[in-house]
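# Breakdown of the fold
Each chain, letter by letter, is given below.
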Amino acid sequence: MRLVIKPDYLSISKWLSDYVVEKILQSNKIKDKFFVLGLPTGSSSLGMYNCLIKHYQNKVISFKNVVTFNMDEYIGLPKEHPESYHSFMWKNFFNHVDILPENVNILDGNAVDLDIECEIFEKKIKKVCGIDIFIGGIGINGHIAFNEPGSSFSSRTRIKTLTQDTIISNSRFFENNIQKVPKQVLTVGIGTILDSEEVLIIISGHNKARILSQVIEGSVSQMYPVTALQLHKKSVIVCDEAATAELKVGTYRYFKELE
């Protein structure tokens, strides 16, 4: 596992966008090769999307040869709802770049058969030979995508019920009313994420310091789903200084020296 410590959130966003752009450009040198991205939603990812949009506007990168798979979606929330992850992605990223709509894959939380929807999603990932880079944030309880504490490390895309911690945290997007937050979601599994060639995780802010300490210095535990990254062959956590508050001094210095 690699830990990249940057000064602040803006530096995290720039590092991530530069890294992704470089990987896409390398992939474009291979004829007929699509680059496959697993993408997150939420406030942690906004800075990265803004930087990627700027790279596109400056003609550094095109997204025509990029296929995307989003991590999750609320069940029962209309696609047009401002807080659906369909709306989030098109508003904050897809509408501003040249990605082909047919290359965008987002789970349908209103599908007639949600189990079949999840199966189809997994089959689509296999059809493109897997995900090159999966990018994600983490929740304050250590969830990755919507794999809440206790999730199996071999889990696949499925229906999940949100914990009260997550519902309360996400209520800020729903007028701070927990009654308006959907209680169930569709989410990729931890096994789905671990199958990716690379995993990049964004951890920003002092409120994520305990989780960062757990994933870097703690043991692997299903009660902290993000610790599954310790088992991945190429995982990178990009954090800011504020998130390192609970790391041991020796751990902090070790990763800073590596960079």
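Residues numbered from 1 in each chain as written. Predicted model: local features only at pLDDT ≥ 70, side-chain atom pairs only at ≥ 80, totals over all residues. Heavy atoms only, no water.

### Let's talk about the sheet that holds strand S4 (residues 72-74)
A sheet is described by the order of its strands in space; here three strands give the open sequence S4-S8-S7, paired in antiparallel fashion. Each of the sheet's edge strands pairs with one partner strand only, and the pair in question is S4 and strand S7 (158-161). Pairwise comparison of adjacent strand axes, ignoring direction, gives a mean angle of 30 degrees for this sheet. With four bridges connecting them, S7 and strand S8 (residues 184-187) associate as antiparallel partners. Looking at the pairing, Ile 159 lines up with Leu 186 of S8. Its contacts with the sheet place helix H4 (residues 114-127) against S7 and S8, and it is angled at close to 120 degrees to S7. (Pairing = 2+ DSSP bridges. Helix = DSSP H or I, 4+ residues; strand = E, 2+ residues; numbered from the N terminus. Axes fitted to C-alpha atoms, helices over the stretch in contact; angles between N-to-C directions. Contact = heavy atoms within 4.5 Å.)

### Considering the packing of aromatic side chains
Under the counting rule described, the total for this entry stands at eleven aromatic pairs. Geometrically, the ring pair formed by Tyr 74 and Tyr 85 is tilted, given 4.9 Å between the ring centres and 35 degrees between the ring planes. One end of the pair, Tyr 74, is in strand S4; the other, Tyr 85, is in helix H3 (residues 85-92), and eleven residues separate them in sequence. On the basis of relative accessible area, Tyr 85 is assigned to the buried category, the value being 11%. Here Tyr 254 and Phe 255 contribute two aromatic rings whose centre-to-centre distance is 5.0 Å and whose plane-to-plane angle is 75 degrees, an arrangement assigned as edge-to-face. On the accessibility criterion, Tyr 254 (47% relative accessible area) is partly exposed. Three or more aromatic residues link up through ring pairs in this structure, and these residues are Tyr 49, Phe 63, Trp 90, Phe 93 and Phe 94. (Phe/Tyr/Trp six-rings, centres within 6.5 Å; stacked < 30°, edge-to-face > 60°. Buried < 20%, exposed > 50% of the residue type's maximum accessible area, 1.4 Å probe, protein only.)

### Considering the nonpolar core
Counting 41 residues, the largest nonpolar core has Leu 37, Phe 63, Phe 93 and Ile 135 as the members making the most contacts within it. For this core, the element with the highest residue contribution is helix H1 (residues 9-28), accounting for seven residues. Discounting residues that sit within four places of it in the chain, Phe 63 has contacts with Ile 24, Leu 52, Tyr 56, Phe 93, Val 97, Asp 98 and Ile 99. Among the nonpolar cores identified, the runner-up in size contains 38 residues, and Ile 5, Leu 114, Val 215 and Ala 228 belong to it. (Core = buried A, V, L, I, M, F, W, Y, C linked by side-chain atoms within 4.5 Å.)

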